[in-house]
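# Understanding the architecture of this molecule
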Amino acid sequence: MESTLAKSPATFERFEMVYRQLFDGVKRASPLDAEVSALAFIEEACENSGTADHMPEWLGPFAGIVGRAVMMESGIAQELSEERKARLAAAIGPALAHAIRLGYTEGYFEAKSDG
């Protein structure tokens, strides 16, 4: 299954819009939750550090592999058409890109504070 990450920038924009709406709801519902606060902190650090627009070149193949693994492990691979499998893999890409950027940002600041 080939990833369509590079071909669908609108997918990233849609993901970010939906993610922001959902995350805002979580922050309102759990304003004192330490894990939500930690996520909010790293989200802000990511935005302020300029890593929010970074997408590594290996993300496309990685997202395709993760998409296949999720379908296999969940048992839904047999239930989906090839078109739906491709759409699921493409939908996973933006979420992975977002998580990778957050992890990179957190790792960068963590290493900086240790040094």
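Residues numbered from 1 in each chain as written. Predicted model: local features only at pLDDT ≥ 70, side-chain atom pairs only at ≥ 80, totals over all residues. Heavy atoms only, no water.

All right, on to a nonpolar patch on the surface then. Nonpolar side chains collect at one region of the surface, where Met 17, Val 18 and Leu 22 lie side by side and expose about 300 Å² of accessible area between them. When you line up the elements, Met 17 lands in helix H1 (residues 9–29). (Patch = residues over 30% accessible without salt bridge, like charges linked within 9 Å, V, L, I, M, F, W, Y side chains within 5 Å. Areas by Shrake-Rupley, 256 points an atom, 1.4 Å probe, with all protein chains shown as cover. Salt bridge = Lys/Arg side-chain N within 4 Å of Asp/Glu carboxyl O. Helix = DSSP H or I, 4+ residues; strand = E, 2+ residues; numbered from the N terminus.)

Looking now at the confidence of the model for the protein. Do not read the fine detail of predicted coordinates wherever pLDDT is low. Mean pLDDT for the protein: 84, with 92% of residues reaching 70 or above. Within the protein, helix H3 (residues 59–74) has the poorest average pLDDT of any element, 83, and helix H2 (residues 34–49) the best, 92. (pLDDT = per-residue confidence, 0-100.)

This part covers the packing of H3 against helix H4 (residues 82–114). At a closest axis distance of 8 Å, the pairing of H3 and H4 adopts a crossing angle of 120 degrees. Judged by the inter-axis angle, H3 sits oblique to H4. In this structure, the crossing between H3 and H4 has a hand that is right-handed. Residues Leu 59, Phe 62, Ala 63, Val 66, Gly 67, Val 70 and Met 71 of H3 lie in contact with H4, whose contacting residues are Lys 85, Leu 88, Ala 89, Ile 92, Gly 93, Leu 96, Ala 97 and Ile 100. Partitioning the contact of H3 with H4 into residue classes produces twelve nonpolar, two polar and one charged. (Axes fitted to C-alpha atoms, helices over the stretch in contact; angles between N-to-C directions. Parallel < 35°, antiparallel > 145°, perpendicular 65-115°, else oblique. Left-handed = near helix turned anticlockwise from the far one by under 90°. Contact = heavy atoms within 4.5 Å. Nonpolar A, V, L, I, M, F, W, Y, C, P; charged D, E, K, R; others polar.)

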